[in-house]
Amino acid sequence: MSKPKVGIIMGSKSDLPVMIEAANILEELEVPFEVTIVSAHRTPQRMMDYAEKSRDKGLKVIIAGAGGAAHLPGMVASVTTLPVIGVPVKSSNSIDGWDSVLSILQMPGGVPVATVALNGAKNAGILAAQIIGSSEKKVAERLEKYKNELREKVEEAAAKMEEQGYKGSKIGFGSN
């Protein structure tokens, strides 16, 4: 892939099983990205350096996943003018995930962080691609194809259910 346009960062390696979903969808949409660990609490200087140098590296969007106190997205947003998308992660030190959600969601005026659902890294990847697609036609075209495929899957499932009835149709119901 070419020069990364999206930075995917997380507070610890334990966040990777959630954050990999952002990488997977960006890979599918052919949006270049990089992935690394940047802890707001354990490596604050690394976090500051990453955020301050992100634009110079060619990044257009940063996706930051964090659990527990979840300060990473907001701290990164405080030192960059790039859009930051926060992914609250339900981690082992999290209180049912709500602490992470609220830590990312409740940013003070002047320091916005777009926030997706708990463990919603896939949507963070899609949102990052949409931001890039607002100025890059090829990315927008791939997003259009992706959205059309989602619509077609739902229409196919609806037609099956209408034909077979809700009890007779063995349709998997999932979030994808």
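Structure's up top.
Residues numbered from 1 in each chain as written. Predicted model: local features only at pLDDT ≥ 70, side-chain atom pairs only at ≥ 80, totals over all residues. Heavy atoms only, no water.

### Considering a nonpolar patch on the surface
Part 1 of the reasoning: On the surface, L16, I20 and V35 cluster together into a nonpolar patch covering about 210 Å² of accessible area.
Part 2 of the reasoning: Relative to the assigned elements, V35 resides in strand β2 (residues 33-37).
Part 3 of the reasoning: Given the relative accessible area of 41%, V35 is considered partly exposed. (Patch = residues over 30% accessible without salt bridge, like charges linked within 9 Å, V, L, I, M, F, W, Y side chains within 5 Å. Areas by Shrake-Rupley, 256 points an atom, 1.4 Å probe, with all protein chains shown as cover. Salt bridge = Lys/Arg side-chain N within 4 Å of Asp/Glu carboxyl O. Helix = DSSP H or I, 4+ residues; strand = E, 2+ residues; numbered from the N terminus. Buried < 20%, exposed > 50% of the residue type's maximum accessible area, 1.4 Å probe, protein only.)

### Structural notes on the pattern of salt bridges
Part 1 of the reasoning: Tallied over the entire structure, the rule returns six salt bridges.
Part 2 of the reasoning: Salt-bridge contacts for K90 lead to D96; the nearest nitrogen and oxygen are separated by 3.5 Å.
Part 3 of the reasoning: On the basis of relative accessible area, K90 is assigned to the partly exposed category, the value being 44%.
Part 4 of the reasoning: Classification of D96 as exposed rests on a relative accessible area of 52%.
Part 5 of the reasoning: Linking E155 and R151 is a salt bridge whose minimum nitrogen-to-oxygen distance equals 3.2 Å. Placement of the pair is E155 and R151 together in helix α6 (residues 137-168), with a separation of four residues, close to one helical turn.
Part 6 of the reasoning: A residue is classified by how much of its surface remains accessible, and E155, at 45% relative accessible area, is partly exposed.

### Considerations on the environment of V111
Part 1 of the reasoning: Structurally, V111 can be placed in the loop between α4 (98-105) and β5 (114-115).
Part 2 of the reasoning: By relative accessible area, which is 19% here, V111 ends up buried.
Part 3 of the reasoning: Sequence separation of V111 and V84 is 27 residues, and the distance between their C-alpha atoms is 9.7 Å.
Part 4 of the reasoning: If we skip the residues at most four places from it in the chain, V111 touches G74, A77 and S78. (Contact = heavy atoms within 4.5 Å.)

### Here we look at unusual backbone geometry
Part 1 of the reasoning: At E30, a position not held by glycine, the phi torsion is positive, near 60°.
Part 2 of the reasoning: Tracing the chain through its elements places E30 in the loop between α1 (16-28) and β2.
Part 3 of the reasoning: Residue classification places E30 among the partly exposed residues on the basis of a relative accessible area of 49%.
Part 4 of the reasoning: Here D96, not a glycine, exhibits a phi torsion of approximately 60°, which is positive.
Part 5 of the reasoning: Topologically, D96 is positioned in the loop between β4 (84-89) and α4.

### Brief notes about the sheet that holds strand β1 (residues 6-10)
Part 1 of the reasoning: If you trace the five strands from one edge of the open sheet to the other, you get β2-β1-β3-β4-β5, paired in parallel fashion. If you trace the sheet from one side to the other, it starts and ends with β2 and β5, each paired once.
Part 2 of the reasoning: By the bridge criterion, six bridges tie strand β3 (residues 61-67) to β4 in an arrangement that is parallel. Looking at β4, one finds that A66 is bridged to P88.
Part 3 of the reasoning: Running at roughly 170° to β1, α1 makes contact with β1, β2, β3 and β4 of the sheet.
Part 4 of the reasoning: Against the sheet, α4 contacts β3, β4 and β5, and its axis sits at roughly 165° relative to β4. (Pairing = 2+ DSSP bridges. Axes fitted to C-alpha atoms, helices over the stretch in contact; angles between N-to-C directions.)

Take it as geometry only, folks, not as evidence of what the structure does.
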